[in-house]
Structures are given as structure tokens and as C-alpha cells.
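Letter by letter, the chains look like this.
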Amino acid sequence: MLSRLGALLQEAVGAREPSIDLLEAFVEHWKGITNYYIESTDENTPAKKTDIPWRLKQMLDILVYEEKQQAAAGEAGPCLEYLLQHKILETLCTLGKAEKLLRLGGTVPGSLTEKEEVQFTTVLCSKIQQDPALLTYILEGKKTIGRKKASREATAPLREAASVRDKDRPPSKAPDSGTCGAWASSAQLPAETEEPDGPIGESSLITSLIGLCKSKKGRVALKAQENLLLLVRVASQAAATCLVQSSACPAVVERLCQLHQSLPSSLDPADIAAVEGISWRLPSAPSDEASFPGKEALAAFLGWFDYCDHLITEAHSVVSDALAKAVAEKLFVEILQPQLLHVSEQSVLTSTALLTVMLRQLRAPALLREVVAFLLGMDQQPAAPEDSPRTLCAHLIRHCDHLSDEISIATLRLFEELLQKPHEQIVRSLILCHLEGRAYVARGSPEPESYEDTLDLEEDPYFTDSFLDSGFQPSAKPPPAPATNPDGRTAVTEIVNSFLCLVPEEAKTSAFLEETGYDTYVHDAYGLFQECSSRVTPWGWPLAPPPLDPHEPERPFFEGPFLQMLFDRMSRILEQPYSLNLQVTSVLSRLALFPHPLIHEYLLDPYTSLAPGCRSLFSVLVRVIGDLMQRIQRVPQFPGKLLLVRRQLMGQVPGEQLDHQTFLQGVVVLEEFCKELAAIAFVKFPPHGPHLHLSKPPEGHV
């Protein structure tokens, strides 16, 4: 009796709560949307006043519920399969392009359904990440391309849809494969809304995501960017190849180029250089920075560039390489290169400053590889002195010695930023390919056994005899003998003292101030050297220069166009503006920090025996000192004016225009640069082992 009663209760419950067929409900909602466009005659009715948003929300809820139910099985549910097989996203995108569905699909920012759209794409992208094979169905991939090659007739999809519509429809509970086709035939969309040939337009998902990335709503745009990031992270080689063949890379790069075109031509290069902290997650300049015309447009461009860099970093290697090449070709080669080579100084300044900021943000190895090839070229052969500038790099090096000081400073900043990037080809192309073989070292002459066999500073051939009777002498002679380490390298104390003693006492002013600054240089150089060493460790540089063959004949040496330009600039340090001198010495300091034995020998070892006609950084400085000691005599009250200029530069006294101000500022920079080089040599090869002793040495000695 009780068992019969229980059975009756179960039947009653079953009758009251019939099971819901999710697929049938999903199909019915989709039919409701397509039937509206088939039967509706009023095209001006906004979609929000119809049941379309509600039906789309129901379809989304069904997909989310189904995904949770299918999570354990690890396969796509029937509703998701129906969505993919019947190309519902493609239909929605077509409606959006035809402006029949209130901008649905993210085609135009500002849709009232953006929140629902981005939630929908989140479900799809998460599912694709779990099962990359689904990507081929959504992006259409090779099947779409093959179909296009087989038939170029624009009306083929409509004829196919019409034939499907005329067939007998299946039972009501089964998916209606003819509904989408019937609507497509009856809607009579204009020709321009049909899918074009080529990669753009293949994928409604990519189009939707890019459109949602343009949303004015920060959370919607950020979520769309995160969803696109999920797509490019697919682990499957086939899925990554399909993604490359889709509209993904062109759409991302097209957005980047559009944002660049939106930059106002009146942007101040100084404002561009000052912008920092732009991230794709926070694509706006910090609020504490001063506002300037074009600030929002600049922040939007740099934010999207940072996003491209992040995509390339996180993407599958196939996608990463393709996207990096697309950015290099479309942005750098087609847009930036003509601006860098333009005759307009404003165009050169703006593009150089923008490229410098982009280099500062760049982290992706694949994109860095493309940028290095763009800037330096692929040819690794050393350049000859008489070579005319054929590459972009040669033109940029000439810009460093431009008639316009602003262009020179901006381009030097670009190279300084480039030297901080972890790519060996940068240092090899600019410096090392010219130093290999050590042709700058004199052949056939024995090493001096004592310092008396070498030249004193006064006897250096770069000095002239005209200042020897002037009463000005170097501050101190170097030690009696240049001691060497067991590996044959000059002892660091000899190198440090050589640079500290180079500037004569009459031209020094740091001793009159409370802090000479040498300790600060040592501390800063130590941090920069550690950072540089960790960056170049994977490159496997040798610890010592290769030995010279004494019987090998001398061959002509050319330091390369980059070092030639820097040495030429350094030789004019007493005649150049203060800001330009600071930038030249900053680049040289960056070079001196590299822990390569050839760079150390050529830039930091004053005791290297140079071949005839060769010059090194130290020999250039010696010539500058010779010029300095002659020009001092032509400046009345030189010590007092020099001290006043130093205090002006330090902000201790108000600035006022003085006679010989450029010369006096150059003397201050020269003194500080020699101390900086001494500090770099000290931290590269500390005399007491790897632990630095940062105690203050006497002025002029270590």
C-alpha cells in the first residue's frame, strides 16, 4: 500500500515539474530572434524595445548552465555544438555590420548590451582554452579559405541558404537547420555586409573582441582584452596556426596603427619623453603628471602597444612570431620609418621620441628581435669609414651628430634605450664587430717593463707643446708603474687613478664643495653594472681578450660609425650645450659598463698600446684636456666663474648668463665624466675582490 502511494507521488511530481530540454529551449530562442527579422517590417524599432536582449540573455544562461553540467565530461554540450555548427556568432556579426541589431557583436563601441556580449565571449574563450579544437569551428580557418577558392560567386551562400529553407523541416524537438538559412535568404542584406575575401571578416569572434576592446567602459574593454589573451594562449599547434590564418593579427595591428594615426601632429617631443607608467591594464597617464594637448591619445596608443607586447609575450610561438612581424611591418616599417627619415625636423623629433618610449616599454623577445632588425638591419659586417648611409641605423647615427641639437639629443636617447635591451646583436652590431681582432692594439712592440718606458701625460703625442709653459700641469702623475693582474690586465687602481688625475687641479671645482660625488658614482655604477651583467650572462662572453699574434701584420682599424660619432662628439665637449654633453657621456657610460674584455680594453684601459692612427676614449679625453689647458688662459677669473657655474648647475645659486658659459659647463661635465669612468672601472674589477669598499678616497687618488 505504501509503495503504491510513493509511486503515485513520484508520478505527480514528475507531472508538475516536467524536465526541460535545454537544446530545444536554446533553438526556440534563436528562432525567435531570426523570425523577428523575417517577419518585422519596421526596421527603425530599437532592439532594446524587442525581446531580442532577453532571448540573448536566455541563450547565454543556457550555455553557462550547460558548461557547468558538462565540466566533468570535458566535452562540448549540444547547445554549444549547435551554436558553432549553425554559425550563430557569424550571423550576429553580420546583423551588427548591417546595423540591424543595435551594434551587436562589438562592431561599434557604445552598445547597450556590451556587458552581456563580453560575458558571452568569456564563455567561448574559456571553452576554447579547454578544448583548442573548437577554435577551428569558430574561426573557420582552412575550411573557409578552401570554400572561397572553390567558389568566388557572392550569391553562393544565399542560394545554399534558399535550398536549405525549401527542404522539409525536422521534428519540432530537433534543431532547425533551416531557420538561419531562411532568414539569411529573406533578410536581403546589402552587398557590402557580405563577408569579404581575405583575413578580415572571417571571424566574428575576433571582430567582436576587437570591437569590445574599444569600449568606453573600462571594465568591458579590459575583459575583452583578457578574453583575446586567452585565445592567443592556446597550446595546440593546429589551433595557433588557425588563429594566425584568421583576422586576429591584422585586426590587432590595425587597431594599433589607427591609434597612431590619431596622435595629433602638434605633440611636443618633450611631453612624449616624459610619459611613464602606461600599461594596457591602466591605459591612461598617471593623474599626477602634467596635462598637455594630445595626452589621452598618446596614452591610448602606448596602452595598446603595451597590450600588443603582452600578447606577443604570452601567445603561442606561432602566433607570437606572426604578430611581431605584423607590428614591425605595419607600424615600424610603413609608418615610423618614413617619419624618421623625413626632412621635417618636427617629424624626426616626434617619431624618435615616440620610438624611444616604445622601446622602454617593450618586453616581448619576438618583438624585440623584429625591432632590432628594423633599427640595425641584418648585416653584421663591419662598416668602412667611407660607407654612405644605406641603412636606417646609419641615418640614425648621423642624426646623433645633427645640426639640430634637439635631434641629436633625442636620437642619442634612443640608442641609450636600445643598449639596455637584452639582445646581443645590439652590442655586436654597434661595437663588438669593429673591435674583434684587436686591430687597435699595436703589433710587434714589446710590452713596457716599467712606467719609465711609457709616455707621461705631458709627453703624450695628443698634447701640444704650446701649453707646457702656461703653468698648468696635470693634478698628479700616475703611479710609478702600471701594475698588472695575473691575467695581464691593468690593475684597477692604475686605471682609476688615470681617470681621476686626468683633469688638472685648476679645472676642478668639486673639492670646494662638501661632497665630491665620487662615492655616489661608485654606488650608482655598482647597481648599473650588476644589472648589465645579469642581462648579458646568457651570451657567454669571454673573460679575457684573445691573445695577439705578434707576427700578424697590422691592418687598418676603424672603430665603427657609432663609436666614431661618440668620439667626435666627445672631442667637442667644451663647445657643445650642457644637455647634449650629458647625453653623450651617458651613452658612453652605458657602453663602458658592458663586461666584455674588448670593450673594457678599448674604452677603459689607458695603458693599451694603440696602433698608429688609432684613438681610444682615453686618448680623446687627453686631447680635450690639452685643448682645455690652452683655453683656460683666455677666460678671465676662470676659477671663480667655474665654481659659480657648477653651483648654478647644482641649483645652489640663481642662474645667470655668463661669458664662456658653454665652455665652463663643458669643463664641469668633463670632470664629472672622468669620475664616472673611474667608478665604472672600480666596480667592474674591484681591487679587494668581489665585495666593494665604498669608503671615500682622497681627491685624485683611490
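It should be emphasised that the depicted structure is a prediction, and the values quoted were computed from it without experimental measurement.

### A look at the overall build of the protein
Phase 1 of the analysis: Looking only at helices and strands, one finds 30 helices and zero strands in the protein.
Phase 2 of the analysis: Counting every position in the protein, which comprises 702 residues, the buried fraction comes to 49%.
Phase 3 of the analysis: Of the contacts formed within the protein by residues at least 6 apart in sequence, a portion of 78% connects residues at least 24 apart.
Phase 4 of the analysis: When the accessible surface of the protein is totalled, it reaches about 34,000 Å², and 53% of it is carbon and sulfur.

### Quick look at helix α6 (residues 114-130)
Phase 1 of the analysis: If you check α6, its first and last C-alpha atoms are 24 Å apart, about what 17 residues at 1.5 Å a residue would give, namely 24 Å.
Phase 2 of the analysis: Turning to α6, its buried residues number three or more, namely E114, E117, V118, F120, T121, T122, V123, L124, C125, K127 and I128.

### Some details on the environment of L229
Phase 1 of the analysis: Its location among the elements puts L229 in helix α12 (residues 218-232).
Phase 2 of the analysis: Under the relative-accessibility criterion, L229 is labelled buried at 3%.
Phase 3 of the analysis: Remark: the alpha-carbon pair of L229 and I312, spanning 83 residues in sequence, is separated by 9.5 Å.
Phase 4 of the analysis: Residue contacts for L229: discarding those within four places in its chain leaves W280, Y307, H310, L311 and E314.

### Thoughts on the pattern of salt bridges
Pairs can form between side chains of opposite charge whenever their charged atoms are close.
Phase 1 of the analysis: What the rule picks out here adds up to 24 salt bridges.
Phase 2 of the analysis: When the shortest N-O distance is used, the salt bridge between R428 and E436 registers 2.3 Å.
Phase 3 of the analysis: It is possible to trace a salt-bridge network through shared partners that takes in R646, E671, E672 and K675.

### Quick notes on helix α30 (residues 661-684)
Phase 1 of the analysis: The first and last C-alpha atoms of α30 sit 35 Å apart over 24 residues, in line with the 34 Å expected at 1.5 Å per residue.
Phase 2 of the analysis: Counting buried positions along α30 gives 22 out of 24 residues, so the element sits mostly inside the fold.

### Re the packing of aromatic side chains
Phase 1 of the analysis: Applying the stated criterion to the full structure yields 13 aromatic pairs.
Phase 2 of the analysis: Measuring from ring centre to ring centre gives 4.9 Å for W304 and Y307, while their planes differ by 45 degrees; the resulting arrangement is tilted. Linking W304 with Y307, this pair stays in helix α16 (residues 295-314), spanning three residues, or about one helical turn.
Phase 3 of the analysis: Between F415 and F562 the ring centres are 5.0 Å apart and the planes differ by 45 degrees, which places this aromatic pair in the tilted class. Placement of the pair is F415 in helix α21 (residues 405-419) and F562 in helix α25 (residues 561-571), with a sequence separation of 147 residues.
Phase 4 of the analysis: Exposure remark for F562: the relative accessible area of 0% places this residue in the buried category.
Phase 5 of the analysis: By the ring-pair criterion, three or more aromatic residues cluster together here, those being Y440, F557, F567 and Y602.

### What about the confidence of the model for the protein?
Phase 1 of the analysis: Taken as a whole, the protein shows an average pLDDT of 78; of its residues, 73% reach a score of 70 or greater.
Phase 2 of the analysis: Note that residues 99-107 has pLDDT below 50 and, in this model, 31 contacts with residues that lie over four places away or in other chains.
Phase 3 of the analysis: Confidence drops under pLDDT 50 across residues 447-481; counting only partners more than four residues distant or on other chains, this segment forms 64 contacts.

### Side note on the nonpolar core
Phase 1 of the analysis: Core analysis: the biggest nonpolar cluster contains 190 residues, and L83, F332, L367, L375, F562, L621 and L670 have the highest contact counts within it.
Phase 2 of the analysis: When residues in this core are grouped by element, the largest group, 15 residues, is from α30.
Phase 3 of the analysis: Setting aside residues no more than four positions away along its own chain, L621 makes contact with F499, L502, M570, L670, F673, C674 and L677.

### Considerations on the side chain of K641
Phase 1 of the analysis: Tracing the backbone shows K641 in helix α29 (residues 638-649).
Phase 2 of the analysis: Among buried charged residues, K641 stands out as having no salt bridge; its nearest opposite-charge side chain is D659, 4.7 Å away.
Phase 3 of the analysis: Ignoring sequence-local partners within four residues, the contact set of K641 consists of V635, P636, D659 and L664.

The rules behind the values
Residues numbered from 1 in each chain as written. Predicted model: local features only at pLDDT ≥ 70, side-chain atom pairs only at ≥ 80, totals over all residues. Heavy atoms only, no water. Helix = DSSP H or I, 4+ residues; strand = E, 2+ residues; numbered from the N terminus. Buried < 20%, exposed > 50% of the residue type's maximum accessible area, 1.4 Å probe, protein only. Contact = heavy atoms within 4.5 Å. Areas by Shrake-Rupley, 256 points an atom, 1.4 Å probe, with all protein chains shown as cover. Expected span 1.5 Å × (residues − 1). Salt bridge = Lys/Arg side-chain N within 4 Å of Asp/Glu carboxyl O. Phe/Tyr/Trp six-rings, centres within 6.5 Å; stacked < 30°, edge-to-face > 60°. pLDDT = per-residue confidence, 0-100. Core = buried A, V, L, I, M, F, W, Y, C linked by side-chain atoms within 4.5 Å. Lys, Arg positive; Asp, Glu negative; His and termini not counted.

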